[in-house]
Amino acid sequence: MPELPEVEHVVRALRRAVIGRTIIASEIKLPKLIAPSSPSSFNRRIKDSQIKSVGRRGKFILIHLQKPDHKGGCILVTHLRMTGKFLYLEADDELPKHSHAVFYLDNDRRLVFRDQRQFGIMRLIAASRLSTTKGIHHLAPEPFAGDFSLDYLKETLSRSRRTLKTLLLDQTKVLGLGNIYAAEALFRAGISPFAIAAELSPKRSVRLHAAIRDVLNFAVTHIKGSISLEEGFSYGAAFENFWQVYDREGEPCVTCGARIRRVTHGGRSTYWCPRCQRR
């Protein structure tokens, strides 16, 4: 599943490709993608809308659309989930399998949403309702924003008896960390994923706060190449050469040489160094 750094690069690629373009028509091939809206209603609302901006809130991609002489506009909210991808195709390019939404643009190109596993979602909402939209309303502060302060993290940790790894995956508490980056952030901070959040010392809280920002910034900066909307993007491949603990079970720790361990924790694989990451 794409994590925040990969979604950020998809947003940047979309900005380069489609800002300023007008959607002259759309086609929904998988109705459940846009449920509870009907394809006819969705297509009618989006027709003749200009793409004004592309942004992100957590892992939600936000495409701001504006029709002529309409105030406020609407936002196409998309979550890629496990296998969702945007493709930017020429008019005569063959439409790939699992293409569930096609947006016909005014430059004779198509913006296509492809999703093999069919877990992705799209919602068309009024721009004025974005902050109250289900799934977005309760999200934690953006990890690079001022609201995600050290004081915020300390307060969040102090209120939870969950293990750190479990808490860090809760997007309503700490935003942007999936299974990969939670493991990497905890390793950088030198903290066990099984430590209890409320028992973390102030010194370790400082290290964790810095590590969360550092690992996400590092991933955004070092994703190899630019995401090509023409070719899609292999999520996870972007950062795998930089993983220090994730998916490295049995390999030597890059810091101390101890063997990296893995257990199933909270339904997910958890990787850590037993020597560097003590409770």
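Residues numbered from 1 in each chain as written. Predicted model: local features only at pLDDT ≥ 70, side-chain atom pairs only at ≥ 80, totals over all residues. Heavy atoms only, no water.

Description of the pairing of strand S10 (residues 268–272)
Strand direction decides the pairing type here: strand S9 (residues 261–265) and S10, joined by five bridges, are antiparallel. Opposite His265, over in S10, you have Arg268 as the bridge partner. The turn linking S9 back onto S10 is made up of two residues, and Gly266 within it adopts a positive phi angle of 65°. (Pairing = 2+ DSSP bridges. Helix = DSSP H or I, 4+ residues; strand = E, 2+ residues; numbered from the N terminus.)

Description of the sheet that holds strand S1 (residues 22–28)
Strands pair in a sheet through their backbones, by hydrogen bonds, and they do so in one of two ways: parallel or antiparallel. Reading across from one edge, S5-S7-S6-S1-S2-S3-S4-S8 is the order of the eight strands in this open sheet, with antiparallel pairing throughout. The open sheet is flanked by strand S5 (84–90) and strand S8 (121–126), the only strands paired with a single partner. Averaged over all neighbouring strand pairs, the angle between strand axes comes to 30°, with direction disregarded. In terms of strand pairing, strand S2 (residues 49–57) meets strand S3 (residues 60–66) through seven bridges, oriented antiparallel. Paired with Gly55 across the bridge in S3 is Leu62. Along the sheet face, helix H1 (residues 4–18) touches S2, S3, S5, strand S6 (99–105) and strand S7 (109–115) and points at about 160° away from the line of S2. (Axes fitted to C-alpha atoms, helices over the stretch in contact; angles between N-to-C directions. Contact = heavy atoms within 4.5 Å.)

A few points about the packing of helix H3 (residues 150–158) against helix H6 (residues 202–222)
Remark: H3 packs on H6, axes separated minimally by 10 Å, with the N-to-C direction vectors making an angle of 120°. Crossing hand, H3 versus H6: right-handed. For the pair H3 and H6, contact is made by Leu150, Leu153, Lys154 and Leu157 and by Pro202, Ser205, Val206, Leu208, His209 and Ile212, respectively. Along the lines of polarity and charge, the residues of the contact of H3 with H6 split into seven nonpolar, two polar and one charged. (Left-handed = near helix turned anticlockwise from the far one by under 90°. Nonpolar A, V, L, I, M, F, W, Y, C, P; charged D, E, K, R; others polar.)

A few points about the packing of aromatic side chains
The final tally for this structure, using the stated rule, is six aromatic pairs. A ring pair is formed by Trp243 and Tyr246, whose centres lie 4.9 Å apart and whose planes are at 85°; its orientation type is edge-to-face. Among the aromatic side chains, those forming a connected cluster through ring pairs are Trp243, Tyr246 and Tyr271. Across the ring face of Phe218, the terminal group of Arg188 is positioned such that the distance to the ring centre comes to 4.9 Å. (Phe/Tyr/Trp six-rings, centres within 6.5 Å; stacked < 30°, edge-to-face > 60°. Lys NZ or Arg CZ within 6 Å of the ring centre and 35° of its normal.)

Things to note about H3
Those residues of H3 that sit buried are Leu153, Thr156 and Leu157. One side of H3 carries all its buried residues, which in axial view fall inside an arc of 95°. Those residues of H3 that are buried are in contact with helix H4 (164–168) and H6. (Buried < 20%, exposed > 50% of the residue type's maximum accessible area, 1.4 Å probe, protein only. Arc of directions from axis to C-beta.)

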